[in-house]
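So the chains spell out like this:
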Amino acid sequence: MAQLLSETEIQEQTTHLTGWTVSGTQLGCTRRFHGFVEAIEFVNKLVEPAETAGHHPDIEISYNRVKISLTTHDAGRLTQKDFDLAKVISQIK
């Protein structure tokens, strides 16, 4: 199981991520697109990095808005896996 991050580590890691916030045990961001097709295209781009990392985000789609939430479910909180995947997701256009 991945090692849990301390509150201090979480705050430090969050400062390096633009547009991501911590709420409870989740790291999240919302991305907006021109329309539904562009939102779905973005979601499809998440598959390969998530599979490669063996770590999968929770995703909500509402027309042109995609909400991504990360947490390490088996650890019950945030771990380095969440921040590593968030960095990769941040680079996807």
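- As annotated in an unreviewed UniProt entry, the chain carries the name Putative pterin-4-alpha-carbinolamine dehydratase and comes from Scytonema hofmannii PCC 7110.
- Recorded in UniProt for the chain, the comment headed Catalytic activity (unreviewed entry) runs: "(4aS,6R)-4a-hydroxy-L-erythro-5,6,7,8-tetrahydrobiopterin = (6R)-L-erythro-6,7-dihydrobiopterin + H2O".
- Per UniProt, the comment on the chain under Sequence similarities (unreviewed entry) is "Belongs to the pterin-4-alpha-carbinolamine dehydratase family."

## Points about the packing of aromatic side chains
Move 1: Under the defined criterion, the tally for this structure stands at 1 aromatic pair.
Move 2: Measuring from ring centre to ring centre gives 5.0 Å for F33 and F42, while their planes differ by 35°; the resulting arrangement is tilted.
Move 3: Among the residues examined, F42 registers a relative accessible area of 2% and is labelled buried.

## A word on unusual backbone geometry
Most peptide bonds take the trans configuration, and most residues that are not glycine carry a negative phi.
Move 1: Backbone geometry at Y63 places phi at a positive 50°, although glycine is not the residue there.
Move 2: Mapped onto the elements of the fold, Y63 is located in the loop between β3 (58-62) and β4 (65-70).

## Focus on the packing of helix α1 (residues 7-14) against helix α3 (residues 80-90)
Move 1: Between α1 and α3, the shortest axis-to-axis distance is 11 Å and the interhelical angle comes to 5°. By the angle between their axes, α1 is roughly parallel relative to α3. Counted together, I10, Q13 and T14 of α1 and Q80, F83 and K87 of α3 form the full contact between these two elements.
Move 2: Along the lines of polarity and charge, the residues of the contact of α1 with α3 split into 2 nonpolar, 3 polar and 1 charged.

## Overview of the environment of Q26
Move 1: You can see Q26 is positioned in strand β2 (residues 26-32).
Move 2: Q26 sits 34 residues away from E60 along the chain, and the two C-alpha atoms are 14 Å apart.

## What about the environment of L70?
Move 1: Structurally, L70 is set in strand β4.
Move 2: L70 gets classed as buried once you look at its relative accessible area, which sits at 1%.
Move 3: Placed 44 residues apart in sequence, L70 and Q26 show a C-alpha to C-alpha distance of 5.5 Å.
Move 4: Setting aside chain neighbours within four positions, we find L70 in contact with W20, T25, Q26, L27, H55, P57, L78, D82, L85 and A86.

Definitions and limits used
- Residue indices begin from 1 for each chain and proceed along its sequence in written order.
- Local features are withheld for residues below a pLDDT of 70 in this predicted model, meaning they are given only at 70 or higher, and side-chain atom pairs are given and counted only at 80 or more; totals for whole chains, interfaces and linings count all residues.
- The side-chain quantities take in all heavy atoms of the structure and omit both hydrogens and water.
- UniProt positions are given in the numbering used here, feature names are shortened, and annotations may be inferred rather than shown by experiment.
- In this analysis, rings of Phe, Tyr and Trp, with Trp reduced to its six-membered ring, are considered paired at centre separations within 6.5 Å, and the interplanar angle assigns stacked below 30 degrees, edge-to-face beyond 60, and tilted for intermediate values.
- Classification of residues uses two cut-offs on accessible area relative to the type maximum, computed with a 1.4 Å probe and protein chains only: under 20% is buried, over 50% is exposed, and between them is partly exposed.
- Each helix corresponds to a stretch of at least 4 residues labelled H or I by DSSP, and each strand to a stretch of at least 2 residues labelled E; elements are numbered beginning at the N terminus.
- In this analysis an axis means a line fitted to C-alpha atoms, helices contributing only their contacting stretch, and an angle means the value between N-to-C directions, from 0 to 180 degrees.
- Oblique is the label for any angle not covered by the other classes, which are roughly parallel (under 35 degrees), roughly antiparallel (over 145) and roughly perpendicular (65 to 115).
- In this description, contact between two residues means that some pair of their heavy atoms is separated by no more than 4.5 Å.
- Polar here means any residue outside two lists: the nonpolar Ala, Val, Leu, Ile, Met, Phe, Trp, Tyr, Cys and Pro, and the charged Asp, Glu, Lys and Arg; Gly therefore counts as polar.

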